[in-house]
Structure formats: structure tokens, C-alpha cells
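Close look at the chain arrangement
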Amino acid sequence: MWEFSRTRYADCNGSEASEETEIAVNIGGVKHILYGDVLNRYPETRLAELVNRSTNSTQEDLSVLCDDYDDLKREFYFDRDPEAFKCILELYYYGEIHMKRGICPMCFMREMDYWGIDTEYLDECCRSNLNEVETELAEIAEKVKTILDDLEGDATMTRGQRCQAFLWKLMEKPESSLAARVIAVVSFAFILLSSVVMCVSTIPELQVQDAEGNLVEHPTLDSIETACIIWFTVEYILRFVSSSNKLHFVFSFMNLIDFLAIMPFYVVLILTHLGTAMMELANVQQAVQALRIMRIARIFKLARHSSGLQTLTFALKSSLKELGLLLMYMSVGIFLFSALAYTMEQSHPDTMFTSIPQSFWWAIITMTTVGYGDIYPKTTLGRCNAAVSFLCGVIAIALPIHPIINNFIIVYSKQRVLETAAKHEIELMALRAKEEAQECQEAGKMASTGNSSVWDSAAVSASQSDTCIPLLGEKGQPAHKHKNKSINMNSSL
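Keep in mind the model is a prediction, meaning the values are calculated, not measured.

1. Comments concerning the overall build of the chain
When helices and strands are counted, the chain shows 19 helices and six strands. The buried share of the chain, reckoned over its 493 residues, is 34%. Taking all contacts inside the chain whose residues are at least 6 apart in sequence as the whole, residues at least 24 apart take part in 61%. On the chain, roughly 29000 Å² of surface is accessible, and the fraction owed to carbon and sulfur atoms is 61%.

What follows is the structure, given as C-alpha cells:
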């Protein structure tokens, strides 16, 4: 039996009768003795209402506030979590609530709601933990909604809108169907192929001479490059046509990269055909070479098909503060040690440090421990300065690395947990829908034999669930339009 020490206060917000009233509550097999003056410090809660009714109410009135009541023992029974209730009692004695380790935040919120306690009484540390969980649940709900939207169709959509949605899933969601997965694999292969061709085409032995004697790409490699660009162009056009928000699509970062990977090819074609007639060929060739360099942007297209690269991007975004500190440390060190190196090396006749801006290059390669050796100190003081600079560089680089790695691990783990929870929620929803469908079928068979009572109970169950057809078919394809899209997130915890 648990009993908190009773503390008297001048203002207890209760009547004289309640001050001397004590009640016994049994929470999941754990008995507590509570006092009326303590509970009435928060009169809007369930326990305060219970202690006030216990003196002048019938057993029927008291049963509304508890699960069971023993009139002989004057003991109230609650089928609740006893560990969570110990945290609830802290409000009456200490004025705030702390969640213990190991208690699910969402389950604890249900306990607080049951006992009539507002979330404002939670301590700030526990409230921040609760906000994090609510954010994760919101993300899971969003993922589940996205999956449901992929599996289901909207009956109000026109035929053109359904075709547009089908094309969008085909080009943007590889997990939606086998055909979409094949397209994603083919697109990934074209990206790798075009990157390899771009690198191989720069090998002099594989280049050929044109009519003017200039080295150009091999015709075979040029044909492969053209085929890859045609695929990228068709893919970009189909994705643009199927997009519901054309303006957002055009200015999206990844779509801008796709456009930059395609555009140089067509600009080169235009300049090549118009260059001989409108301008000197040398200027055209310079422009062509500059635009060909932009083809390296297509390597970033891999991020569209790689969840690891996307996770790395999110981790770097969450580590902007640490990266900023790293750049600040390095900038201060580069400026300091380059100025010292210039000053110390001025006494040597063959000095390589002719100016402070030139010394920046030496400071950068020294602090990053690269050390090309093209610029190096020749005086004793200059070498001491170099030794200190690369030691400080190692420390400056090592300090922010650990938080950046932790951020990557956190983001990666969170993505995996959210994906697993969303899939688990979809499986549970499909299982519930399948069980409801079986109940409806059994109810229909009973109704055909004249058993009206069973039919009535099944009809009530069907009206409450708002669906009698499975959410997913046997092969994982959508079998119907699911009407009730409410998501019970508590099952994901």
C-alpha cells in the first residue's frame, strides 16, 4: 500500500468535510490512501470529484468515476497503470508532473486525460519529449496517408486526373508497382552510363579528329550520349506533364538539376549548327566546352534514387550549425597562420611567401593536413608556425565531426523507424479491414438462415467501422475505396 506524506496548506480549495475525508483507491492492484484536502488542490480532476462525491452519492453515481467500488471497504478500483498513477500523484503533492523512464509518452497522455489533468502541469523537459513523439507520430501519419493515397483512388477524379496520377506514380514512386520499379532501375542505369561515357570521352586515345583536325568525341560514345539525353528528356517531360503543381515542379532543387543535366546537350547542338554562320568557330568551341562541363550535374540525379544520399542531405541540413563552427574555426586559423607565416618568412632571401593572400593557400593545405609541398617555410620560426598550424587544424576539424556523425545516425535511424512504423500501421489497418469483412460475411450467412439477432449485431459493427471490405487484396493491390481513413497511431508505439 502506497501513502504519500500528508502536508497541510492554508488554502486547500476544499470544504471542511473534504479536509478530513480520506479515500482508498486501488490502481491495478496497488492500494493508495488519499486525503480530501490534498486532492481538492485541483478540484477539476477526477480524484477531487471522487472524494467530494464519496460522502453523499450512491454507488451508481460513484461507478461513473471508477471501474468498481467496494462499499464495505470503501475502496475504489481502477484498471489503470499503477506506475503512471504514481506520476499523476506528484501533481497533488509537488505541483508538477514528471514522466518516468520507460513510460510511453502517448500512453501517459491518455492517463492524464483520464484523470482530468491538463498537459500544462507537465514539466518542461517532459513536455519537450512529448512534442518530439507527437512530431514523429505526425510524420508516421503523413507517410501512412501517402501510402493510402498510392493504394487507393479518388472516386471524384476524372479520367484524365486518374491517368495523370497513374503516370506520376509510375515516374516518381518506384515502390508503387513493378513497372515503376523497372523504370527507376533503367533511369539509374542511364545515369551511371552517361557519367561513365562523359569520363571515357575525355581520353585522348579514344577521340577522333574532325575535318579541321580538332579532337572530338568518338561517334559511338556520342551516340550513347545522345541516347541517354533522349531518355532524360522523355523522363523529364513525363514527370512535368504528370505533376499537379507545375510551378513547384520547375523550381524544385532536384528538378533544376535534371534540367541542367539536359540543357547543355541542346545548347551545344544549337551553337554547333549556328556557329559557322553567325560567329567564329573558336568562340563556338569555347562555349561548347564550357557547356559540356555542366554535364557533371547529372551525377546529382543519383540522389533521386538513393535513400542514403537523401539521408546524408538531411543530416547535413541538421548539422548546419556544426558546419558553420568548422568553417569559422578554419577561417580564423587560416587568416592567423598565413599572416604569421608571411611575417616570419620575410627575413629569408628565397622566401615563397610574397603576400598574405598567397599565404592563404599554404595555410589551407597545411591546416587540412594535405601538404602539397609547393609552398613551404624555410626559417626556423616559420617551421614552428607550420607545426602549430597543422596541429590546430587537426583539432579544429576533429571537434565538430562527432556531432555531425551523430546527426547522421539519428536522421538515418529515424527514417528507418518511420518507414517501418508506417508499413506496420498499413498492415494493421489491412488486417482489421479483413477481419471486419469476414464478420460481415458470417453475418450475411446467418441472416440468410433467419438469425436476425446476429445480423443486427453485425450491422452495428459495420456501421461503426464504416467499411466491410478489405483494404488490400491478397496480392497487395487496392481492392476498394476505403472510406474511413482515420489512423490509430497508438498501435504503432
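2. Section: the pattern of salt bridges
Tallied over the entire structure, the rule returns six salt bridges. The partner of Glu 172 in a salt bridge is Arg 239, with the nearest N and O atoms 2.5 Å apart. Of this pair, Glu 172 sits in helix α8 (residues 159-172) while Arg 239 sits in helix α10 (residues 219-242); the two residues are 67 residues apart in sequence, bridging distant segments of the chain. Accessibility expressed as a relative area gives 23% for Glu 172, which makes it partly exposed. Accessibility expressed as a relative area gives 2% for Arg 239, which makes it buried.

3. Points about the packing of helix α5 (residues 82-94) against helix α6 (residues 105-114)
Between α5 and α6, the shortest axis-to-axis distance is 10 Å and the interhelical angle comes to 60°. Considered as vectors, α5 and α6 are oriented oblique to each other. Pair α5 / α6 crosses with right-handed handedness. Every residue of α6 that contacts α5 at Ala 84, Cys 87 and Ile 88 is listed here: Phe 108, Glu 111 and Met 112. Residues of the contact of α5 with α6, tallied by class, amount to five nonpolar, no polar and one charged.

4. Looking at the sheet that holds strand β1 (residues 22-27)
The strand order β2-β1-β4-β3 describes an open sheet built from four strands, whose pairing is mixed. Each edge of the sheet is formed by a strand with only one pairing partner; in this case those strands are β2 (30-35) and β3 (68-70). In this sheet, adjacent strand axes meet at a mean angle of 25° when their direction is disregarded. Seen against the sheet, α5 touches β1 and β2 and runs at an angle of roughly 10° to β2.

5. A closer look at the side chain of Asn 26
Relative to the helices and strands, Asn 26 is located in strand β1. With relative accessibility at 13%, the residue Asn 26 sits in the buried group. In terms of polar contacts, Asn 26 uses its side chain to reach the backbone amide nitrogen of Gly 29, at 2.8 Å. A polar contact is formed between the side chain of Asn 26 and the side chain of Glu 75, at a distance of 3.1 Å.

6. Section: the pairing of β2
As defined by bridge partners, β1 adjoins β2 across six bridges and the pair is classed as antiparallel. Each residue of the ladder has a partner; that of Ala 24, found in β2, is Ile 33. Joining the antiparallel neighbours β1 and β2 is a turn of two residues, in which Gly 28 adopts a positive phi near 60°.

Reading guide: rules and limits
Each chain carries its own residue numbering, running from 1 in the direction its sequence is written. Per-residue local features of the predicted model are confined to residues with pLDDT of at least 70, and side-chain atom pairs are confined, for both listing and counting, to 80 or more; whole-chain, interface and lining totals are unaffected and use all residues. Water and hydrogen atoms were dropped before computing side-chain values, which therefore reflect all heavy atoms in the structure. Secondary structure is summarised from DSSP: a helix means a run of H or I of at least four residues, a strand means a run of E of at least two, and numbering begins at the N terminus for each. Exposure is judged per residue with a 1.4 Å probe applied to protein chains only, and the accessible area is read against the type maximum: over 50% gives exposed, under 20% gives buried, and values in between give partly exposed. The contact criterion used is simple: two residues touch if any of their non-hydrogen atoms lie within 4.5 Å. Only the protein chains shown count as cover for residues, and all accessible areas are computed by the Shrake-Rupley method using a 1.4 Å probe. Salt bridge, as used here: a side-chain nitrogen of Lys or Arg that lies within 4 Å of a carboxyl oxygen of Asp or Glu. What counts as an axis is a line fitted to C-alpha atoms, over the stretch in contact for a helix, and the angles between N-to-C directions run from 0 to 180 degrees. Orientation categories follow fixed angle ranges, with anything under 35 degrees roughly parallel, anything over 145 roughly antiparallel, 65 to 115 roughly perpendicular, and all other angles oblique. Each crossing is labelled by how the near helix is turned from the far one, with a counterclockwise turn of less than a right angle marking it left-handed and a clockwise turn marking it right-handed. Amino acids are sorted into nonpolar (Ala, Val, Leu, Ile, Met, Phe, Trp, Tyr, Cys and Pro), charged (Asp, Glu, Lys and Arg) and polar (every other residue, Gly among them). For two strands to pair, DSSP has to find at least two bridges joining them. We define a polar contact as two N or O atoms separated by no more than 3.5 Å, with the added condition that, inside protein, one atom must be a possible hydrogen donor and the other a possible acceptor, whereas residues neighbouring each other in sequence contribute only through side-chain atom pairs.

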